[in-house]
Amino acid sequence: MHNFIWGVDYYPEQWEKKRWAEDAVRIRNFGFTHVRIMEFAWALLEPVEGTYDFTLFDEAIQVLYNAGLQVVLGTPTATFPIWLLEKDPSIRAVFSNRMDRDFGARRLACLNNKTYRDAARKLVTAVAEHFAENPAVAGWQIDNEIGHEGSDHCICASCERAWHEWLQKKYGTIKNLNETWGTVFWSTSYSRFEQVPVPRSQPATQQNPSLILDYDRFMSDTNVDFVHEQAAILRRFCGKKHWITTNLYPSPLSQCIDMKKLFEPLDIAAYDNYPVWGDQSEPVPYIFTNYALAYTRGLKSTGNFAIMEQFTGIQGHTKLGYLPPPEQVVLWTNQAVAHGADRLFYFRWRTAPFAQEQLCYGIFDTDNEDTPRSKKIKENIEHTAELFNSFAGNPVSAQACLVYTRDNANLIRQQPLSTGLENWMNSWSSVGFDAELARWYAGFSIFNVEADVKPAEAVTLQNYKLISLPLYELADPAFAQKIDAWVKDGGVLVLGWRAGARTLENWNIDKPLPGIFSEMAGVQVEAFEALGKGSIGVRRGFLLGKGEVWAEQLIPYTAEVIARYGGTRWINGKKAKVFYSGKPAITRNQHGKGFVYYIGTSPDAVLTFILYKKILHDAGIKARFKGYGIEVVQRTLNDGNTCTLLLNHTDKTRRVCFKTLPPYGFSWKIKRHKR
Amino acid sequence: MHNFIWGVDYYPEQWEKKRWAEDAVRIRNFGFTHVRIMEFAWALLEPVEGTYDFTLFDEAIQVLYNAGLQVVLGTPTATFPIWLLEKDPSIRAVFSNRMDRDFGARRLACLNNKTYRDAARKLVTAVAEHFAENPAVAGWQIDNEIGHEGSDHCICASCERAWHEWLQKKYGTIKNLNETWGTVFWSTSYSRFEQVPVPRSQPATQQNPSLILDYDRFMSDTNVDFVHEQAAILRRFCGKKHWITTNLYPSPLSQCIDMKKLFEPLDIAAYDNYPVWGDQSEPVPYIFTNYALAYTRGLKSTGNFAIMEQFTGIQGHTKLGYLPPPEQVVLWTNQAVAHGADRLFYFRWRTAPFAQEQLCYGIFDTDNEDTPRSKKIKENIEHTAELFNSFAGNPVSAQACLVYTRDNANLIRQQPLSTGLENWMNSWSSVGFDAELARWYAGFSIFNVEADVKPAEAVTLQNYKLISLPLYELADPAFAQKIDAWVKDGGVLVLGWRAGARTLENWNIDKPLPGIFSEMAGVQVEAFEALGKGSIGVRRGFLLGKGEVWAEQLIPYTAEVIARYGGTRWINGKKAKVFYSGKPAITRNQHGKGFVYYIGTSPDAVLTFILYKKILHDAGIKARFKGYGIEVVQRTLNDGNTCTLLLNHTDKTRRVCFKTLPPYGFSWKIKRHKR
Amino acid sequence: MHNFIWGVDYYPEQWEKKRWAEDAVRIRNFGFTHVRIMEFAWALLEPVEGTYDFTLFDEAIQVLYNAGLQVVLGTPTATFPIWLLEKDPSIRAVFSNRMDRDFGARRLACLNNKTYRDAARKLVTAVAEHFAENPAVAGWQIDNEIGHEGSDHCICASCERAWHEWLQKKYGTIKNLNETWGTVFWSTSYSRFEQVPVPRSQPATQQNPSLILDYDRFMSDTNVDFVHEQAAILRRFCGKKHWITTNLYPSPLSQCIDMKKLFEPLDIAAYDNYPVWGDQSEPVPYIFTNYALAYTRGLKSTGNFAIMEQFTGIQGHTKLGYLPPPEQVVLWTNQAVAHGADRLFYFRWRTAPFAQEQLCYGIFDTDNEDTPRSKKIKENIEHTAELFNSFAGNPVSAQACLVYTRDNANLIRQQPLSTGLENWMNSWSSVGFDAELARWYAGFSIFNVEADVKPAEAVTLQNYKLISLPLYELADPAFAQKIDAWVKDGGVLVLGWRAGARTLENWNIDKPLPGIFSEMAGVQVEAFEALGKGSIGVRRGFLLGKGEVWAEQLIPYTAEVIARYGGTRWINGKKAKVFYSGKPAITRNQHGKGFVYYIGTSPDAVLTFILYKKILHDAGIKARFKGYGIEVVQRTLNDGNTCTLLLNHTDKTRRVCFKTLPPYGFSWKIKRHKR
């Protein structure tokens, strides 16, 4: 229980010193109490190797503090000074397409490069030591958007060496590696760990999938280790008196890093919330944002999270796109808070005049004048501050949970199975897995069921009535056993297609699919097809929806049939007959006191609606459909009462729970409990 | 005349030894008599340089033999052991986009690398020597899919050296090369062969087309030499007691290798028959498969061929697509047999649990249980075995022939002329030429006229009533003369647009087009246009079809006009007027006792139908149109009777020749000749 | 005042010597008086380093001269002999995607490579010295298509060194550079010039925009210096007795070179006029060609220009496309002349049989026979020669001018702002800026208002009644001041969106947009959106057009509203509501005696029509709309009379000014002034 933290990202180094005081007062008057600074300032802090200069930030922090503001400090390791490159030119990361990153880009250092790691460690130590006792400091952000822009992956010589050590440690003997990877295939057996290549783009055919999967794990460990090292340094100097986080970025599982593990020694998870960015011609669906927020919240058990960068002005590096109305800008803020943000920093106070982000507009343009969005943001802070204070820090409670694993996300990136799951935003960001997870989250979101998103190793099944488990190919028998017991005890499990298809070592399971889930689901998969970008009709009684991406023909043993393929397949805009029309697509199996749904295809919006009405009912969860785009979110207030937050994501005026919400409007109702 | 060979591809090394015996018995009981093994097993056979270990395969072969099975052995040179890479890191092939291939991929060795060639020669010698007298061995497959996945091309330093020698040998003097290539253009004359670059991807503008064409020929010679060397070794040890082949792959002319030459010392041509693969959302048209089968059959004069890999389960490396109904899977088998396969191996017995092809599903999944396709395949073997035995090995006889040349296929890859001919499936597979040839083959296939596909240097004109010669730009005067005589003698020639446009040295001909064909066709080309992905109306009387890809305006001299441009051109979905509306598009010239059709555009399906009715009639060939998707194929039985095979490639029940064929159904009728 | 020069491009070195005489006579009889030769002949002229051999061209020139022809000589530096590469393998340019260019391509030398520059200087000196006194020589073309095919950019080691020197010279101190570029951002500050990288393709995020912009300027200086050096050599030997030019190519501003500066010491600007090339399925709109011609004309103050290559036959390196009717081929000629070409060379006399351009068809095919286009071209020369002689050399006079700057074109290439401005024809040609400028030029062209296209630093405002200034982001206060005075004095200024957004150093302006234009435009920009490939309704009274690319919401202070957003936005084919419907999109401000229009979006054809009627009226310029595709162009004859040229770019017969023009027809009327 604490006051909601309103913050803003500010870059004193980018403005003349004489403007600082005026800016600080204006920031404070705007309603902000916190300012994030310093996350790209290594060259200023250590202009010459080993010579630290804290003057600029000491002064800037003092000015901010004088105005009543506290600061969150970024450890500025996402870029490095030119002298470090000169010291060791091999410091630059090499992308899997074999292209090295040049000075001038960000996130360009290889995290396995010793020169970089040593320098970063010294810098962070110096920074932590210097600022530990500064009363203005409230918290720390480690690095910035760790793994972003493909920086999770590097294939340089330093990585190759570290990779061999990692393999040695994991497998012990090369025989063990050969057997686990199945290198008998294509004569790719190794006799020493040093022979194993790093996975690079190939002219044709790619590396062993287990090699790629292990490389993802190795790279994840590299990134995690880097963050943990910084966390330990900060903790050593600052103890628990400052909160520590690092900021994630869309889309949640697009890079290979195990963020759950990464956040372990940190205090709070954080996300950079950009529902629209660059040349996107429309924002992502609000449900996708809900999924991303729940994912962030799910990385820690606090039930809350931070937003370290919240969209204000239109943003992009070289191109721009959709302009949200100011009302939508603040609605996105309130959506984040509704789903658990208890501190939120806007990016950024004022637009930089120069350099790589001169098209990333902040609350103010470079001219420093009021903007439509600045007025609306200020007004919203004034309007909601008291409300948000009344529940900030109270955990969001959920009845359902979407469960994923890091390995399965990585596997889908290299083996998308269907072009319907293949979705590269650019050469380094694969959003297919996230888009699919958001689809399975939609069943909760459109019915206004608050749901968590958790990695399998961290979910406490007993907290939920309903678990959704899509794309769970690499399946852990221990977890399946837990799920089995939980279902028998009354839980409702929604299993997605391809569940149980692999062992944890990524071998095709030697049982009929869904493998270790077959018995609890009461079903077997007879055959399957990848639908690509096409679809197939799925019929439940008179109701007709569509399946997308994938279609499994099911043979129910003990399960009952919930829906069947309805016969028409759409490919490339053409209708085609389907030979497995009439075969079961979705089944439900009573298992002990609970149910297991098995869904052999990716449901479209209509089918999702049809299905989840029934699923939620089986789980004893109240569905509250208010129309697409309308959210009704309940939060518990500090005084024990309940507040219902109403969000209208549509561009039309809507009547919800006896309140009128203008386009992109936000409102709330407090229900006082009888004592 | 021999029994039809039913085989399957099996990988003993991928399964625990204790499963072999059970597998072997089940394979035999399934109806198979042959098993292909060992084509990727170099690392097992020679785990350390010079040390051979045949134990595993000796044992496996014995187990198979004990169950009544014979084996076809792959010479396992398509991948190599890690020690060979360590011995010579320059062994890795470099793709024309400048990217070298990493260990872990397949087909990664440069065939001009001496280390690799020496090692491969020794291995194949050892293998041949060891297995020559094994009674279980029935045949050999050399390497695997030679040239596949862009491995036909390499631009490494070894290739550069060999390239210079090849040029020296071909041209003798650099002056000769300069003149032939026209290097006076752009000041690119060479003074020594060593100066000539290998053709790599360029930022802009490409190399001299004659250089690229010669590089294709050089690379073809490299691949051919590699296979011939292996063939000679096998023959040395095994003589004629085993049959030798190597397996091609779709699409026929996508790589640069002269397969006719390659198969010369081999016994039978072979093809890997995958009508659908990877993320294709539908199979290739059955006519394309017919074209590919006829192409394979045409590489040898036997009138038959082998299928070394026949589609069973859904297949792909990282993504899947269309699932054929089990009936279609077996129809594809029967289609291959109908058109001349006299031995057929299914790929693969059981799906591998691990590695690069874990998504390549075999007859069985990894779980080893019956599948819908396994049941249907077994049933089909039982149902057709006797029939296939009654004509296996009897040559397919054809009345028509589609003629191509290797050089012209290579030329179109570098100079596609029209975006309508440019069709890269991926960075290494160009299928535009094949798609166009299949279009010209369709005129035969839809009318159920069995037709051969032959390279110009191997066709015996006298065997045919009708010759189709599309995209014959590089034109051989000697061949034209032969054709001329054949037409005068009553043959019907269908000449495609652009015929005769170039000399054999790839110079623009210095005569009006169609150059050396102008007189026999009685026509000249006035002008031409590339239609790209658009089309143009082509009218024959009241009938209206479409021309695609290219449109030549013809001036008939002695020829009569068969069809004219009809006026509407479609570009990017927009209608446009055409100034050459009314000009001749297709002509026919009586030439001696025969006819020469000149077709100035690529006919669409409707125009093909209109045209070939007439063409076939002129050639005295009986057209039997039974609807698109219905095949009626005649084969001569061992007893001299004729069997009519009926294939229904549609998803509807069809009545054909008084038989009812269910969707994807297959049937036959035997007509007993009176003696 | 001189006779119109009819010329043709001819390559004696590509044909047997014995054909020269016959060719020469035929060329002369065709109506040509000039022949361009030799621009790719370095290897012939200097077969061995330092040994020159002018025999071939001496003879060829003599043969041409004997037939009554004069020659224009290309300095053959666009390709170099193989011995130069052997002398210095580092001579090859490296493209920004890190790929070096191979021998065999053209434009492959780095212009900062000393070996190349020395050799080129010596060659040009030798050539100039040798041919200076040859009476057959009329002029010179320096190099060929300087900067084409991405050759304006190189990132090799030679460039890197020269770049550092260039920066040193420009900035003096590294501090100055750091401050100007804002390298405080992302810790990218430099301590020495040698540390600054060249801009290469990156895996993610690009270099500082100011670095990229400076690199463009540096590369422009490199190219300009190279041409100026050659010009000085030619001038030294030939004085003013030969005219000197170099030939540009489509699209005008696609490469980074400051062509205005480049042409300073040259006599006449020249353009290679290909309204269709390669696989284009239709020609560029005639208005785009008009824009390109006016751009070329605007590079010198002569009021005229040359065409060194004019389209004849269908053209492409590997693929072809649209075939223009012969009437359209000659219409394109006449269009170029109408807008100021006073000499025009057709590319090329006869199609080469071999090499990289064997698909670039000339007036004749390789067979040397008459073609439909050869007949029409000859007929047109006969038909128009006298007319063209009567005004050739008289300057085109314009009432309006479209103003651009080199920097802004470069900026848009790296920061396109909207996908609507991003248009890469291929990896090296960005045509988005040109396409947008052509859109703003259309307002003049469709109303038959002859307009100039001038760089801001060269425009004499007083010559015009109307100035259009689109995409003027980097805004020069001095120029703005001049414009201000000119408007006050009665001029009409059409300011495009984003005007004044940046300082000349590319900093976001610290004033509300349109920055330094705000006062004269009487307007401020409240907010903006990038429309990508979509559009938005723009309403003027009852008239409804569309805005594309970008949409600014305007707040008029002293300006009046001319048009407002009309509410519907189209994105990806879907209609969407727009929250700023009703807000001003276009304003007009009376400023002194003149007007400033501010246009906050890119007008589509309809909106352009609506707007320019009004704008032209305000400027006192007579609008003459004759329908899209009809041009009415006035030229002053040598005798002082006026000739009205009538061009029909449509495929329909049209009645214009009491004349009937067939499809693609051309005609004229002479109005004799009373004396």
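Everything numeric here is computed off the predicted structure, so don't read it as measured data.

Trainee: A description of helix 7 (residues 174-181) of chain A should follow, citing residues and the corresponding values.
Mentor: All names here are of chain A. Here helix 7 has its buried residues at Ile-174, Leu-177, Asn-178, Thr-180 and Trp-181. On the buried face of helix 7, the contacting elements are helix 6 (157-171) and helix 8 (209-238). Positive backbone phi, at 70°, marks Gly-182, one or two positions downstream of helix 7.

Trainee: Which residues make up a positive patch on the surface, and what are the values?
Mentor: All names here are of chain A. A surface patch of like charges, here positive, comprises Lys-622, Lys-626, Arg-655, Lys-659, Lys-669 and Lys-671. Position of Lys-659 among the secondary structure elements: in strand 26 (residues 659-661). Among the residues examined, Lys-659 registers a relative accessible area of 30% and is labelled partly exposed.

Trainee: Let's hear about the packing of helix 10 (residues 286-297) of chain C against helix 14 (residues 432-445) of chain C: which residues, and what values?
Mentor: Residue and element names in this part refer to chain C. Closest axis-to-axis distance for the helix 10/helix 14 pair is 9 Å, and the angle between their directions is 100°. Taken as axis vectors, helix 10 and helix 14 run roughly perpendicular relative to one another. Here Ile-287, Phe-288, Asn-290, Tyr-291 and Ala-294 of helix 10 come into contact with helix 14, specifically with Asp-434, Ala-435, Leu-437, Ala-438, Tyr-441, Ala-442 and Ser-445. Residues that form the contact of helix 10 with helix 14 fall into these classes: nine nonpolar, two polar and one charged.

Trainee: Explain the sheet that holds strand 27 (residues 666-671) of chain C to me, and be specific about the residues and the numbers.
Mentor: Residues and elements named next belong to chain C. If you walk across this open sheet you meet the three strands as 23-24-27, and the pairing is antiparallel. Lying at the two open borders of the sheet, with one neighbouring strand each, are strand 23 (630-636) and strand 27. Strand-to-strand twist across the sheet, computed as the mean angle between neighbouring axes with direction ignored, equals 20°. Sheet topology note: the strand 24 (residues 642-648)/strand 27 ladder contains six bridges and is antiparallel. By the bridge assignment for strand 27, Thr-642 is matched with Lys-671. Of the strands in this sheet, strand 24 and strand 27 touch helix 12 (residues 372-389), which is tilted by about 35° from strand 27.

Trainee: Summarise the pattern of salt bridges; cite the residues concerned and give the values.
Mentor: Summed over all chains, the structure comprises 162 salt bridges over all chains. A salt bridge links Asp100(B) to Arg200(A); the nearest nitrogen and oxygen atoms lie 3.1 Å apart. Residue Asp100(B) is found in the loop between helix 4 (82-87) and helix 5 (114-131), and its partner Arg200(A) is found in the loop between helix 7 and helix 8; the two belong to separate chains. A residue is classified by how much of its surface remains accessible, and Arg200(A), at 23% relative accessible area, is partly exposed. Of the charged contacts, one joins Asp267(B) and Lys240(B) as a salt bridge, the two residues approaching to 2.7 Å between their closest N and O atoms. Pair noted here: Asp267(B) is in the loop between helix 9 (259-262) and strand 7 (270-273) and Lys240(B) is in the loop between helix 8 (209-238) and strand 5 (243-245), with a separation of 27 residues, a long-range link. One salt-bridge network, held together by shared partners, links Lys114(A), Arg117(A), Asp118(A), Arg121(A), Asp225(A) and Glu229(A).

Trainee: Explain the relation of the copies chain C and chain A residue by residue, including any values.
Mentor: When chain C is fitted to chain A, the best match, at an RMSD of 0.1 Å, comes from turning it 120° and sliding it 0.1 Å along the axis. Both copies are brought into coincidence by an operation consistent with a three-fold rotation axis.

Trainee: Which residues make up the interface of chain A and chain B, and what are the values?
Mentor: Across the contact, 54 residues belong to chain A and 55 residues belong to chain B. Looking only at chain A, the three residues that lose the most surface to chain B are Phe185(A), Trp186(A) and Pro203(A), adding up to 17% of its buried area. Counting the contacts that link chain A with chain B gives seven salt bridges. Among the ionic pairs, Arg192(A) bridges to Glu86(B), the shortest N-O distance being 2.8 Å. For the interface between chain A and chain B, the tally reads 26 residue pairs in polar contact (both at pLDDT 80 or more). When residues of the side of chain A that touches chain B are traced back to their parent elements, those giving at least two are strand 16 (523-540), strand 17 (543-556), strand 18 (560-571) and strand 19 (574-577) of chain A. Considering every element that reaches the side of chain A that touches chain B, the biggest residue donor is strand 16 of chain A, with five residues. A breakdown of the residues in the side of chain A that touches chain B according to their chemical character gives 21 nonpolar, 20 polar and 13 charged.

Trainee: Any details on the interface of chain C and chain A? Residues and values, ideally.
Mentor: Where interface size is quoted, it is often the accessible area lost as the parts come together. The interface is formed by 54 residues belonging to chain C together with 55 residues belonging to chain A. For the pair chain C and chain A, the summed buried surface comes to about 4,600 Å²; carbon and sulfur atoms form 58% of the total. When the area that chain C buries against chain A is broken down by residue, the three leading residues are Phe185(C), Trp186(C) and Pro203(C), summing to 17%. Counting every contact that joins chain C to chain A gives seven salt bridges. With a shortest N-O distance of 2.5 Å, Arg98(C) and Asp100(A) are connected by a salt bridge. Run the count over chain C and chain A and you get 26 residue pairs in polar contact (both at pLDDT 80 or more). Elements with a minimum of two residues in the side of chain C that touches chain A: strand 16 (523-540), strand 17 (543-556), strand 18 (560-571) and strand 19 (574-577) of chain C. Tallying contributions element by element places strand 16 of chain C first for the side of chain C that touches chain A, with five residues.

What counts, and at which threshold
- Residues numbered from 1 in each chain as written.
- Chains lettered and ligands numbered in written order.
- Predicted model: local features only at pLDDT ≥ 70, side-chain atom pairs only at ≥ 80, totals over all residues.
- Heavy atoms only, no water.
- Buried < 20%, exposed > 50% of the residue type's maximum accessible area, 1.4 Å probe, protein only.
- Helix = DSSP H or I, 4+ residues; strand = E, 2+ residues; numbered from the N terminus.
- Contact = heavy atoms within 4.5 Å.
- Patch = residues over 30% accessible without salt bridge, like charges linked within 9 Å, V, L, I, M, F, W, Y side chains within 5 Å.
- Areas by Shrake-Rupley, 256 points an atom, 1.4 Å probe, with all protein chains shown as cover.
- Salt bridge = Lys/Arg side-chain N within 4 Å of Asp/Glu carboxyl O.
- Lys, Arg positive; Asp, Glu negative; His and termini not counted.
- Charge placed at Lys NZ, Arg CZ, Asp CG, Glu CD.
- Axes fitted to C-alpha atoms, helices over the stretch in contact; angles between N-to-C directions.
- Parallel < 35°, antiparallel > 145°, perpendicular 65-115°, else oblique.
- Nonpolar A, V, L, I, M, F, W, Y, C, P; charged D, E, K, R; others polar.
- Pairing = 2+ DSSP bridges.
- Least-squares fit on C-alpha atoms with pLDDT ≥ 70 in both.
- Buried area = accessible area lost by both parts, 1.4 Å probe.
- Polar contact = N/O pair within 3.5 Å; in protein donor to acceptor, adjacent residues only side chain to side chain.

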